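An overview of the molecular structure
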Amino acid sequence: MNPHLDKLHPYPFEKLRELFAGVTPHADYAPISLGIGEPKHPTPAFIEKALTHAIAGLANYPSTIGSEPLRAAIAAWLERRYAVPALDPATMVLPVNGSREALFGIAHAVVDASRPDPLVLSPNPFYQIYEGAAYLAGASPYFVNSDPARNFAPDFSTVPDDVWARVQLLYICSPGNPTGAVLSLDDWRELFDLSDRHGFVIAADECYSEIYCGATPPLGALEAAHALGRSSSERPYANLIVFSSLSKRSNVPGMRSGFVAGDPQVIKKFLLYRTYSGGAMSPPVQTASIAAWNDETHVQDNRTLYKEKFSLITPLLRQVMDVELPDAGFYLWADVRRTGLSDTEFARRLYAEYNVTVLPGSYLARDAHGTNPGRNRIRMALVAGVDEGLEAATRIVQFCQNLRTAS
């Protein structure tokens with residue numbers, strides 16, 4: 001067996017099941033889960049209709065590169081959303097079966113394990129696929145801790161030069177999971193300079209880009225690169241590729257539809273890799289994806305629902321824990337230290353006493369540089385409906401108030 005498999009950590013939800021083992025939640029409360037980031041808003045009817053009307057496509061083998069209309073729709077969306085020059089759909093856009101499989105696969109296409117001690121750099125906390133991809137590609141992960149003083153963005157200036165020299169791939173999630181942090185233009189300038197100096201590829205995970213509370217959409221990696229003059233050179237968007245998905249944007253997580261876009265040289269090699277790994281998207285899903293990427297009304301409606309939840313729930317929770325609105329995304333990243341409980345104790349007792357599931361922050365991070373930046377925090381995914389989300393928040397407030405009374 002592949003020895004690298006033994007390096008993989010249990011997934012956070014496996015740890016959560018172990019934490020809850022033997023616990024019987026209070027029978028008076030119906031279960032509410034804020035633990036997993038699975039969108040619960042209804043799938044738009046027009047996407048369902050497009051999928052079912054294209055069902056005859058199941059009779060055809062799909063091509064890995066995807067249909068020309070789908071690649072054109074994705075390129076047009078990128079141009080509209082980020083005000084960047086038109087990307088060549090034939091060489092700069094690649095449909096994928098959700099961003100997860102592509103984020104995992106890119107390490108296998110990029111990492112040269114024959115070079116001494118290859119590293120894959122990742123924020124900490126992080127989406128666990130980054131770590132697993134690094135190990136199974138023959139590299140080691142190197143974590144850069146999120147910094148509360150920087151609104152939870154990683155501080156890349158803390159990485160030594162000898163580490164940067166070994167980095168072959170950098171994963172960055174903006175808006176971040178779980179922190180919601182969005183990188184600034186100065187952050188991107190620093191990363192592009194480092195990439196130019198050391199030659200590593202930047203994999204920008206942007207699957208939460210369309211969920212935000214403010215009036216201004218989060219800055220995207222291609223948008224930042226264009227602003228910094230990196231879109232019109234002989235090699236546009238050199239060593240930069242972005243990953244996005246319809247799952248959160250359009251409430252279709254089961255459709256498994258996303259894309260990779262950016263540096264045509266990296267896209268070419270990644271297409272070669274995926275041709276062998278069997279990553280072609282089903283023709284009906286391609287048709288439904290075209291409909292989704294071409295419509296913004298349902299995205300605005302979706303965002304309005306999240307804004308309503310955040311505006312109602314965050315002030316309630318702020319009474320009993322340290323929590324603020326994120327830059328973007330649909331998570332609250334709360335500090336629970338003033339409850340007197342650790343993140344794991346908080347999650348276990350909340351589940352037992354009020355049947356509400358949250359995810360301990362320490363499960364989403366690793367001990368690095370003397371600390372676990374997720375410790376004493378919890379992640380709450382505001383994916384349920386407004387009423388259910390408010391009910392969960394009310395129970396959490398009651399739980400915390402009871403802790404105060406008991407102490």
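Now for a quick tour of the structure. (Residues numbered from 1 in each chain as written. Predicted model: local features only at pLDDT ≥ 70, side-chain atom pairs only at ≥ 80, totals over all residues. Heavy atoms only, no water.)

With that settled, consider the overall build of the protein chain. Check the secondary structure of the protein chain and you find 14 helices and 13 strands. For the protein chain, the C-alpha radius of gyration of 21 Å lies close to 22 Å, the compact-globule estimate for 407 residues. Each principal axis of the C-alpha atoms in the protein chain carries an extent, and together these give about 65 × 55 × 45 Å. Of all intrachain contacts in the protein chain linking residues separated by at least 6 positions in sequence, the fraction that spans at least 24 positions is 75%. Across the protein chain, the 36 positively charged side chains and the 43 negatively charged ones have centroids separated by 2 Å. (Helix = DSSP H or I, 4+ residues; strand = E, 2+ residues; numbered from the N terminus. Rg over C-alpha atoms; globule rule 2.2 N^0.38 Å. Contact = heavy atoms within 4.5 Å. Lys, Arg positive; Asp, Glu negative; His and termini not counted. Charge placed at Lys NZ, Arg CZ, Asp CG, Glu CD.)

To continue, consider a nonpolar patch on the surface. Where nonpolar side chains cluster on the molecular surface, the patch consists of Met 1, Leu 5 and Leu 8 and spans about 350 Å² of accessible area. Topologically, Leu 8 is positioned in the segment before helix H1 (12-20). (Patch = residues over 30% accessible without salt bridge, like charges linked within 9 Å, V, L, I, M, F, W, Y side chains within 5 Å. Areas by Shrake-Rupley, 256 points an atom, 1.4 Å probe, with all protein chains shown as cover. Salt bridge = Lys/Arg side-chain N within 4 Å of Asp/Glu carboxyl O.)

The set of residues buried in H1 consists of Pro 12, Lys 15, Leu 16, Leu 19 and Phe 20. Seen end-on, H1 carries its buried residues on one side only, within an arc spanning 130°. Residues of H1 that are exposed and point more than 90 degrees away from the buried face comprise Arg 17 and Glu 18. At its buried positions, H1 is contacted by helix H13 (343-354), strand E11 (356-357) and strand E12 (359-360). Of the residues one or two after H1, Gly 22 is the one with positive phi, at around 85°. (Buried < 20%, exposed > 50% of the residue type's maximum accessible area, 1.4 Å probe, protein only. Arc of directions from axis to C-beta.)

Now for the sheet that holds strand E13 (residues 377-381). Pairing in this open sheet of three strands is antiparallel, and the strands run E10-E13-E12 from one edge to the other. In this open sheet, the two strands that pair with only one neighbour each are strand E10 (331-335) and E12. Sheet topology note: the E12/E13 ladder contains two bridges and is antiparallel. Within E13, the residue paired with Leu 359 across the bridge is Arg 379. (Pairing = 2+ DSSP bridges.)

Attention shifts here to the packing of helix H2 (residues 45-53) against helix H11 (residues 283-293). Here H2 crosses H11 at 150°, and the two axes come no closer than 8 Å. As judged from the angle between their axes, H2 and H11 are roughly antiparallel. Crossing handedness for the pair H2 and H11: right-handed. Contacts from Phe 46, Ile 47, Ala 50 and Leu 51 of H2 reach H11 at Pro 284, Val 285, Thr 287, Ala 288, Ala 291 and Ala 292. Counted by class, the contact of H2 with H11 contains nine nonpolar, one polar and no charged residues. (Axes fitted to C-alpha atoms, helices over the stretch in contact; angles between N-to-C directions. Parallel < 35°, antiparallel > 145°, perpendicular 65-115°, else oblique. Left-handed = near helix turned anticlockwise from the far one by under 90°. Nonpolar A, V, L, I, M, F, W, Y, C, P; charged D, E, K, R; others polar.)

All chains considered together, the criterion is met by 16 salt bridges. Residue Glu 324 is joined to Arg 318 by a salt bridge in which the shortest nitrogen-to-oxygen separation is 3.4 Å. A salt bridge links Glu 353 to Arg 349; its shortest N-O distance comes to 3.0 Å. Here Glu 353 and its partner Arg 349 are both found in helix H13, four residues apart, which amounts to about one turn of the helix. Taking relative accessible area as the criterion, Glu 353 reaches 28% and is therefore assigned partly exposed.

What follows deals with the packing of aromatic side chains. Tallying each qualifying case throughout the model produces 20 aromatic pairs. Aromatic pair Phe 20 and Tyr 351: ring centres 4.0 Å apart, planes at 5°, arrangement stacked. Of this pair, Phe 20 sits in helix H1 while Tyr 351 sits in helix H13, placing them 331 residues apart in sequence. Of the two residues examined, Phe 20 and Tyr 351, each falls in the buried class. With centroids separated by 5.3 Å and ring planes inclined at 15°, the aromatic side chains of Trp 164 and Phe 200 adopt a geometry described as stacked. (Phe/Tyr/Trp six-rings, centres within 6.5 Å; stacked < 30°, edge-to-face > 60°.)

Our next topic: the nonpolar core. Counting residues in each nonpolar core, the largest one holds 50 residues, and the members touching the most others are Leu 78, Leu 121, Trp 164, Leu 170, Trp 188, Ile 202 and Leu 240. Among the elements that take part in this core, helix H3 (residues 68-82) stands out by supplying seven residues, more than any other. Leave out the neighbours within four places in its chain, and Leu 121 touches Tyr 142, Val 144, Phe 156, Val 159, Trp 164, Val 167, Leu 169, Leu 170 and Tyr 171. Residues Val 323, Phe 330, Val 356 and Leu 403 belong to the second largest nonpolar core, which totals 48 residues. (Core = buried A, V, L, I, M, F, W, Y, C linked by side-chain atoms within 4.5 Å.)

Relative to the helices and strands, Ser 174 resides in the loop between strand E6 (167-173) and helix H7 (185-198). Accessibility expressed as a relative area gives 3% for Ser 174, which makes it buried. There is a polar contact of 2.9 Å between the side chain of Ser 174 and the backbone nitrogen of Leu 183. (Polar contact = N/O pair within 3.5 Å; in protein donor to acceptor, adjacent residues only side chain to side chain.)

With six of its six residues buried, strand E3 (residues 119-124) lies for the most part within the structure. Every second residue of E3 is oriented toward a common face, with Leu 119, Leu 121 and Pro 123 on one face and Val 120, Ser 122 and Asn 124 on the other, all of them buried. Both E3 and strand E4 (residues 140-147) contribute to a ladder of six bridges, which runs parallel. Note on E4: the bridge partner recorded for Leu 119 is Ser 140. After leaving E3, the chain enters helix H5 (residues 129-136) and then returns to the sheet as E4, a path that is right-handed. (Right-handed = clockwise from strand over helix to strand, strands pointing away.)

As a further point, take the side chain of Asn 145. With respect to the helices and strands, the residue Asn 145 is situated in strand E4. Within the structure, the side chain of Asn 145 is placed 2.9 Å from the side chain of Asn 124, a separation counted as a polar contact. A distance of 3.0 Å separates a polar side-chain atom of Asn 145 from the backbone oxygen of Ala 368. Contacts of Asn 145, omitting those with residues within four sequence positions, involve Asn 124, Pro 154, Asp 155, Ala 368, His 369, Thr 371 and Pro 373.

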